[in-house]
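# A look at the structure
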Amino acid sequence: MMDVAVIGAGVVGALIARELSRYQLDVCMLEKADDVAMGTSKANSAIVHAGFDCQPGSVMAKMNVRGNAMMDQLTRELSVPFKRNGSMVLAFGEEDAGTLQILLDRGIQNGVPGVEIVSGDRARELEPNISGNVTAALVAPSGGIVCPYELTIAAAGNAMDNGVRLYTGFEVISADFADGVWTLVSAAGDQVQARYVINAAGLFSDRVAVLLGDTEYHLFSRRGEYLLLDRDQGQMVSHTIFQCPSAMGKGILVTPTVDGNLLLGPTSENREDREDTATTAEGLATVARLAAKSVPSVNLRAVITSFTGLRSCSPGHDFVIESSKNRPQLVEITGIESPGLSSAPAIAEYAVGLLKEMGLPLHEKADFNPIRRPIPRFREMDIEQRRALIQEDARFGQIICRCETVTEGEIVRALHQNPPAHDLDGVKRRTRTGMGRCNGGFCTPQAVEIIARELGIPVEQVTKCGGDSRLLVGKTKEGGQDA
């Protein structure tokens, strides 16, 4: 019997589980995918928004500003790279200048620190590569960048290190509440019983809510396509560069990433299909064209990959974080669109507070450890640090991914540290194996062999991303050469 079951292991669900792991409780996360961070948390803009875009007084505004303020301590404790590089919204004329003033007023009302409007010339002093057509800019120094899936993996791992259980492949298909206990049933027929449930199922939270007895929520997906450029373009801008927002979102941005790449996007297209992550020639051309409006010298020949992310949107355009009106001992979290990543720490804090108001006793653990030991990043070490690490474990002396300088030791750690990777993409998200300009062309065979060895499975059973995504399908020779 669990005290609390958290449905969904994206960044919101993982941070809720971590927050609950501070207390003397039995907690579990239920995730329908084979790994954490497999939905919106896997593919988004990776921006920690300052909070000037949110409607004053909204739940979104409160969570955004609070979550932003929490990010420094949180990322230090979880050993996740985070940088306050600042945000800049560009104006290209009088109409845009009016929008900047609205954003400034909102930022001041929301309590965003240091937000101001500067001239076009001052903007170009700060960012020499932006367009000469920029007439003014809003600057918010508290904006930042973080890796969303690294944050999710670290939060889930720290929660697990503090006693939380993670059940992957657990898609909730039915739920029942009787005698003060929730019974949650998976598609495979497995059951989890818990006294309290938190629905943090992201883009599918409205459908999960129906299973739990709440029918008043409705979401649709907003599809966004991105281009990722090589690290030799990462210094093109230092701030996250936005154009003026519209009803469809914050527009096409140009931003450095915490790993030194340059990211362009996203497009914005409302869709009912919640699983279509294909890229399109039209969408990527739109990203390239509009990114060049902000930063004309972007070198599109340096694109190393493209991807599509899906984020949830609700008709009310605000977060819903509330105790269920229809069912007891249930917290509903839905409509978490942008700035959901920025708000996630505050959402977790608030959700646990709702459980306390419902009557869940919260007694702090004496042995709670907020610190997560990271997988060593070999490419970020100096020569003496590398020598010491290799002396400790010789597998760190074997480079597997040349583009990103990832070692065998890092891959092995990723396969055994909470939450453990089970496939090639899981290793990739934890170590950056295959994320360089060759897109895994050189390192994939060795990575597959390491995964098979460490998991004790034949190489033919190693998958790219779970399910039937097998990388090898058979033998080409009787002697055992892999296809």
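The paragraphs below set out a description of the structure included in this document. Computed from a prediction, not measured in an experiment: that's the story for all the values here.

This part takes up the environment of Gly 157. Mapped onto the secondary structure, Gly 157 falls in helix H5 (residues 148-161). Judged by relative accessible area, which is 0%, Gly 157 ranks as buried. For the pair formed by Gly 157 and Arg 373, sequence separation is 216 residues and the distance between their alpha carbons is 9.7 Å. Those residues within four positions of Gly 157 in sequence are excluded, and the remaining contacts are Arg 372, Asn 418 and Pro 419.

Further remarks concern the packing of aromatic side chains. Under the counting rule described, the total for this entry stands at 2 aromatic pairs. With a centroid separation of 5.1 Å and an interplanar angle of 55°, the aromatic rings of Phe 177 and Trp 182 are classed as tilted. Here Phe 177 falls in the buried class, since its relative accessible area comes to 19%. A relative accessible area of 0% means that Trp 182 is categorised as buried. We note Lys 32 situated over the ring of Phe 204; from NZ or CZ to the ring centre the distance is 3.6 Å.

For the rest of this paragraph, the subject is the state of the cysteines. Going through the model one piece at a time under the given rule, you end up with 0 disulfides. Not engaged in a disulfide, the cysteine Cys 401 finds its nearest cysteine sulfur in Cys 443; these two sulfurs lie 4.1 Å apart. We classify Cys 443 as buried; its relative accessible area is 3%.

The next thing to look at is the pairing of strand E5 (residues 87-91). Burial within E5 is extensive, with 5 of its 5 residues counted as buried. Residues Ser 87, Val 89 and Ala 91 point to one face of E5 and Met 88 and Leu 90 to the other, with burial holding for every one of them. Pairing between E5 and strand E7 (residues 136-140): 5 bridges, direction antiparallel. Along E7, the bridge assignment pairs Val 89 with Leu 138. Where E5 and strand E14 (residues 240-243) come together, 4 bridges link them in parallel fashion. Opposite Val 89, over in E14, you have Phe 242 as the bridge partner.

Turning next to the layout of surface pockets. Here the second largest pocket is characterised by a volume of approximately 240 Å³. Lining of the second largest pocket is provided by Leu 15, Arg 18, Glu 19, Arg 22, Arg 66, Met 70, Gln 73, Leu 74, Glu 77, Pro 345, Ala 348 and Glu 349. Residue assignment for the lining of the second largest pocket shows that the elements contributing at least two residues are helix H1 (11-20), helix H2 (59-78) and helix H8 (340-358). Top element by residues in the lining of the second largest pocket is H2. It accounts for 5 residues. Across the lining of the second largest pocket, the residue classes break down as 5 nonpolar, 1 polar and 6 charged.

Procedures and definitions
Residues numbered from 1 in each chain as written. Predicted model: local features only at pLDDT ≥ 70, side-chain atom pairs only at ≥ 80, totals over all residues. Heavy atoms only, no water. Helix = DSSP H or I, 4+ residues; strand = E, 2+ residues; numbered from the N terminus. Buried < 20%, exposed > 50% of the residue type's maximum accessible area, 1.4 Å probe, protein only. Contact = heavy atoms within 4.5 Å. Phe/Tyr/Trp six-rings, centres within 6.5 Å; stacked < 30°, edge-to-face > 60°. Lys NZ or Arg CZ within 6 Å of the ring centre and 35° of its normal. Disulfide = S-S within 2.5 Å. Pairing = 2+ DSSP bridges. 1 Å grid on protein atoms, 1.4 Å probe; cavity = no way out; pocket = protein on both sides within 12 Å on 5 of 7 lines; lining within 4 Å. Points joined across faces, edges and corners; volume = space filled by probe spheres on them. Nonpolar A, V, L, I, M, F, W, Y, C, P; charged D, E, K, R; others polar.

Any link to function would need more than the numbers given here.
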